[in-house]
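Next come the chains, spelled out residue by residue.
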Amino acid sequence: MNDAHHGDGDEEATAMDAGTMDEGEMEAGTASPIYSLRGVERRYERGGSTVLALHDVDLDIAPGEFLSIEGPSGSGKSTLLQLLGALDTPTAGTIRFEDNELGSASDSVLTRIRSQEIGFVFQQFNLIPTLTASENVGLAMVPHHEPKANRRQRSADLLTRVGLGERAEHLPSRLSGGEQQRVAIARALANHPRVIIADEPTGNLDSESAEGVMTLLDELRSGDDAVTIVVATHDADVASHAGRRLRLRDGAIVSTT
Ligand code: ADP
Ligand code: MG
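Further remarks concern the packing of helix α6 (residues 177-188) against helix α7 (residues 207-219). Two elements in contact, α6 and α7, have axes whose closest approach is 9 Å; the angle formed by their N-to-C orientations is 20 degrees. For the element pair α6 / α7, the angle class is roughly parallel. Considering how the two elements wind past one another, α6 and α7 form a crossing that is right-handed. In this structure, α6 contributes Gly177, Gly178, Gln181, Arg182 and Ile185 to the contact, and α7 contributes Ser209, Gly212, Val213 and Leu216.

Right, dumping it as structure tokens:
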């Protein structure tokens, strides 16, 4: 029953440095990373030409971490998030998520990971305009056969958690951009994911709403169902909320702080 790789609670756990942990650190009792990427490359072939969107990426992400991925447009942020989200597979290298190697996992495993372990948040919110905030959140639970009463209760709880308890019955058009993104975050949490992946979540928000959304994401890491957060942004102020900042340029990690 005991899985040595899931040992935690070692108070002397060593801090992660440049981005990866070595075997020795893990065996010494450091909580093992939720993600481990080694030599990851994503190459796109299009009409005889090749775009190297991501290359030589080595990265460990610890459970409960708040990681930002910064970089200018075209630097590979979305490509990396799609790989982390099991929406895409690398053309070289390995991506271990928990006990799965995503590059060689079956479609059914990838589907399960996407739908149960990962919550997605996008720049455009992607709420269904004809459904209330509560219904938008509840809809995410339908594929998991949650009884309707449970869906309602959990939607209400999640909307309260993101500060929208009073707005649960509003249509998206009656909500501000910041509020719509909070609904999208509640929806991303609906199925108790271990990771939230957010691609430019503040790209359509004014700076005050952006602050609120980033503060909210940070708060999600406390509590019983602490999640790991990975946010892509081109905005340094937004990234400054993260516990660790990764910078991408031309598809490669150029710095980590
Ligand atoms: P970012 O999110 O940082 O703006 P992307 O990950 O979207 O960057 O893109 C990285 C590079 O990969 C860009 O040069 C982009 O044009 C290219 N790219 C992304 N997706 C595709 C695709 N489906 N086909 C071809 N090239 C792509
Ligand atoms: Mg992008």
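Anyway, onward from the coordinates.
To continue, consider the site of ligand 1. Surveying the vicinity of ligand 1 reveals the residues Tyr44, Arg46, Val51, Ala53, Gly71, Ser73, Gly74, Ser75, Gly76, Lys77, Ser78 and Thr79. For the shell around ligand 1, the secondary structure elements donating two or more residues are β1 (35-46), β2 (49-61) and α2 (77-84). Here the shell around ligand 1 takes 3 residues from α2, the largest share from any one element. Split by residue class, the shell around ligand 1 holds 3 nonpolar, 7 polar and 2 charged.

To continue, consider the sheet that holds strand β6 (residues 118-122). One open sheet holds the 6 strands; their spatial order is β6-β7-β8-β3-β9-β10, and the pairing between them is mixed. Pairing within the sheet leaves two strands with one partner each, and these edge strands are β6 and β10 (252-256). For this sheet, the mean angle separating the axes of adjacent strands, direction not counted, is 20 degrees. Relative to strand β8 (residues 228-233), strand β7 (residues 195-199) runs parallel, the two sharing 5 bridges. Counterpart to Ile196 in the pairing with β8 is Ile229.

Before going further, it helps to examine the nonpolar core. Ranked by internal contacts, the top residues of the largest apolar core, which has 60 residues, are Ile196, Ile229 and Val230. Ignoring any residue separated from it by four or fewer positions in sequence, one finds Ile196 in contact with Gly119, Val121, Ala188, Leu217, Leu220, Val227 and Ile229.

Below, the discussion takes up unusual backbone geometry. Excluding glycine, a negative phi dihedral is what most residues carry, and trans is how most peptide bonds are arranged. Phi at His192 takes a positive value of approximately 55 degrees, unusual for a residue other than glycine. Position of His192 relative to the elements: it lies in the loop between α6 and β7. The phi dihedral of Asp250 falls on the positive side, at around 50 degrees, and the residue is not glycine. Here Asp250 shows up in the loop between β9 (244-249) and β10.

To continue, consider the environment of Ala156. Looking at where Ala156 falls in the secondary structure, it is placed in helix α5 (residues 148-161). Take Ala156: there are 17 C-beta atoms within 10 Å of it, and that puts it in the partly exposed class. Linking Ala156 and Ala168, residues 12 residues apart in sequence, is a C-alpha distance of 6.9 Å. The contacts of Ala156, once residues within four sequence positions are left out, are Ser134 and Ala168.

Bringing α7 into the picture now. Its 13 residues place the ends of α7 18 Å apart at the C-alpha level, agreeing with the 18 Å of an ideal helix rising 1.5 Å per residue. Residues of α7 that are buried include every one of Ala210, Val213, Met214 and Leu217, and no others. Buried residues in α7, looked at end-on, bunch into an arc of 95 degrees, giving them a common side. Along α7, exposed side chains directed more than 90 degrees from the buried face belong to Glu208, Thr215 and Glu219. Against α6, β7, β8 and α8 (236-239) lie the buried residues of α7.

Checked against the element boundaries, Leu102 lands in the loop between β5 (100-101) and α3 (107-117). Along the backbone, Leu102 and Thr89 are 13 residues apart, and their C-alpha atoms lie at a distance of 6.9 Å. Setting aside its immediate chain neighbours within four residues, Leu102 contacts Ala86, Thr89, Ile95, Phe97 and Leu110.

An order of β2-β1-β4-β5 is seen for the 4 strands of this open sheet, with the pairing classed as antiparallel. Two strands close off the open sheet at either side, each with one partner strand: β2 and β5. Sheet topology places β1 next to strand β4 (residues 92-97); 5 bridges connect them, and they run antiparallel. Its bridge partner being in β4, Leu37 is matched across the sheet by Ile95.

What counts, and where the lines are drawn
Per chain, residues are indexed from 1 in the order of the written sequence. As a convention, the first chain written is A and the first ligand written is 1, with the rest following in written order. Since the coordinates come from a predicted model, pLDDT governs what is reported: local features require at least 70, and pairs of side-chain atoms require 80 or more to be given and counted, while whole-chain, interface and lining totals use all residues. A fitted line through C-alpha atoms represents every axis, and for helices the fit uses only the stretch in contact; the resulting angles, taken between N-to-C directions, go from 0 to 180 degrees. Helix numbering and strand numbering both begin at the N terminus, where a helix is a DSSP run of H or I of at least 4 residues and a strand a DSSP run of E of at least 2. Angle categories: roughly parallel below 35 degrees, roughly antiparallel above 145, roughly perpendicular from 65 to 115, and oblique for all the rest. Here a crossing is taken to be left-handed if its near helix is turned anticlockwise relative to the far helix by less than a right angle, and right-handed if that turn runs clockwise. We call two residues in contact if the C-beta atoms placed from their backbones are at most 7 Å apart. Being near a molecule or strand means, for a residue, that its C-beta atom, positioned from the backbone, comes within 6 Å of it. Three categories are distinguished: nonpolar for Ala, Val, Leu, Ile, Met, Phe, Trp, Tyr, Cys and Pro, charged for Asp, Glu, Lys and Arg, and polar for the others, with Gly belonging to the last. One requirement defines pairing of two strands: DSSP has to find at least two bridges between them. Definition of nonpolar core: a set of buried Ala, Val, Leu, Ile, Met, Phe, Trp, Tyr and Cys residues joined via C-beta atoms within 7 Å. Counting other C-beta atoms within 10 Å of its own, a residue is labelled buried from 20 upward, exposed at 12 or fewer, and partly exposed in the gap between, with every C-beta atom placed from the backbone. Expected helix span is given by 1.5 Å per residue-to-residue step, counting one fewer step than there are residues. Starting at the helix axis, one direction is taken to each C-beta atom, and the arc is that of these directions.

All quantities given are derived from atomic positions and should not be read as evidence of function.
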